[in-house]
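Chain and residue survey
Here are the chains, one letter per residue:
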Amino acid sequence: MVNPPYRAVDDRYEAGMQYSRCGRSGILLPKISLGLWHNFGDVNPLSESRDILFYAFDHGITCFDLANNYGPSYGSAEETFGRIMQSSFRPYRDEIIITTKAGYDMWPGPYGNWGSRKYLFASLDQSLRRMNLDYVDIFYSHRYDKDTPLEETLQALVDIVRMGKALYVGISRWPAEATEFAARYLRERDVPCLIYQGRYNMIDRGVESSGILDLAKRCGMGFTAFSPLEQGILTNRYLHGIPEGSRASKAKFLKPETITPELIAKITQLNTIASDRGQTLAQMAVAWLLKDDRVTSVIVGSSSSRQLADTIRSVDNTAFSPAELSAIDTILNP
Ligand code: NDP
């Protein structure tokens, strides 16, 4: 069956999405971005991936977060996005921020991983081909590489921008000291680091204790939080066991043994706080991140447009009372 051509809804910017300035830059990012790590590979029905992307764009989500190896199989999330770009999103290209990354294993041999200039250039060229794009909006170094001189990785990012293959660059999962070095190196070459992408949620607060959140702000970078729902743990998904088809049931990135009765007891208490606030737990978890003005955007994952419809409403209430915050901390004991 042939689908009718996609036309974005006219009131997509009146659907309630809010936008924040990304560090000291001209870019506004939606408070909620959509991540394509899971659910967009060649193992997923294209119609479901398409539904989620259309729902997102129709509700003001203008930032789509990808990486070279998202799938499975590697590269296939970019191919899915590329197909939808070609068939549907092309007229809206200038309304969309598309990001990709390189830094993890992508192809065999010594040049398909980590932070060399050789890898970053080849990977981005492949990503552009898969996504049917001339340029991405943000290209990230996906991880810190202790064995490659930082200057090599960073100069590759500078040159990628100068060649017009990316408009901005970012870094993900870099430690604090290297982040500070990156900020300085890139600023001195007039290609300021737009954004830091780090793991942050109510359970995992590493970017608070490492100083990354403060550092990003001080250096004029935005900060975007990934795995805000702790891969689904901070939702109602596992309150009554491990449902078939859920991420934990696949036992790869989220191990079922993580979902212990002790954890579920805590999640149940958090769920009560969320419902007292008139929110679902997923909404409260994202709102908890958005209460902090150091957080520019939160990158959520969704396995259906129904989940995204739920999560997206977190922007409606991001204010927490001191009592709520302290109750959350007492439960999680961070
Ligand atoms: P989340 O923590 O948002 O987890 C997403 C999962 O939670 C979904 O797949 C779904 O699980 C479940 N879920 C989502 N919404 C709801 C809801 N409303 N109710 C119930 N369950 C829900 O994020 P991800 O771990 O997927 O990461 C998000 C994005 O962050 C990635 O796509 C990627 O773009 C980025 N990322 C970046 C990394 C980096 O190294 N820079 C590393 C990891 C992620 P289920 O599938 O079981 O339905």
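Residues numbered from 1 in each chain as written. Predicted model: local features only at pLDDT ≥ 70, side-chain atom pairs only at ≥ 80, totals over all residues.

**A word on the overall build of the chain**
When its secondary structure is counted, the chain shows twelve helices and ten strands. In terms of overall size, the chain behaves like a compact globule, its C-alpha atoms giving a radius of gyration of 19 Å where 334 residues would be expected to give roughly 20 Å. With respect to the principal axes defined by its C-alpha atoms, the chain has extents near 55 × 50 × 40 Å. Taken across its 334 residues, the chain has 44% of its residues classed as buried. (Helix = DSSP H or I, 4+ residues; strand = E, 2+ residues; numbered from the N terminus. Rg over C-alpha atoms; globule rule 2.2 N^0.38 Å. Buried ≥ 20, exposed ≤ 12 C-beta atoms within 10 Å, placed from the backbone.)

**Details of the nonpolar core**
Of all hydrophobic cores here, the largest spans 88 residues; its most connected members are Ile-138 and Val-169. The greatest single-element share of this core, amounting to nine residues, is contributed by helix 10 (residues 281-290). If near-sequence neighbours (up to four positions away) are discounted, Val-169 is found in contact with Ile-138, Phe-139, Leu-157, Ile-160, Val-161, Leu-186, Val-191, Cys-193 and Leu-194. (Core = buried A, V, L, I, M, F, W, Y, C linked by C-beta atoms within 7 Å. Contact = placed C-beta atoms within 7 Å.)

**As for unusual backbone geometry**
In this structure, the amide linkage connecting Gly-71 to the following residue, Pro-72, adopts the cis form with an omega of -10°. Tracing the backbone through its elements, the reader meets Pro-72 in the loop between strand 4 (63-65) and helix 2 (76-89). Along the chain, Pro-72 connects to Ser-73 via a cis peptide bond; the corresponding omega equals -5°. Its location among the elements puts Ser-73 in the loop between strand 4 and helix 2. The phi dihedral of Gln-231 falls on the positive side, at around 60°, and the residue is not glycine. Of note, Ala-251 is a non-glycine position whose phi angle comes to about 60°, a positive value. By the element assignment, Ala-251 lies in the loop between helix 8 (247-250) and helix 9 (261-276). For Ala-251, a count of 11 C-beta atoms within 10 Å translates into the label exposed.

**Some thoughts on the sheet that holds strand 6 (residues 136-141)**
Read around the closed barrel, the eight strands follow the order 3-4-5-6-7-8-9-10; overall the barrel is parallel. For this sheet, the mean angle separating the axes of adjacent strands, direction not counted, is 30°. Judged from the three bridges that link them, strand 9 (residues 222-226) and strand 10 (residues 297-300) form a sheet pairing that is parallel. Bridge pairing in strand 10 links Phe-226 to Ile-299. Sheet strands touched by helix 5 (residues 176-188): strand 7 (166-172) and strand 8 (193-199). Its angle to strand 8, the strand with the most contacts, is close to 165°. (Pairing = 2+ DSSP bridges. Axes fitted to C-alpha atoms, helices over the stretch in contact; angles between N-to-C directions.)

**Quick notes on the environment of Asn-271**
Here Asn-271 lies in helix 9. Put simply, Asn-271 and Ala-282 are eleven residues apart on the chain and 8.9 Å apart in space, counted from C-alpha to C-alpha. Contact partners of Asn-271, with chain neighbours within four places excluded, come to Asn-236, Leu-239 and Leu-281.

Any functional reading would require information beyond the geometric quantities listed.
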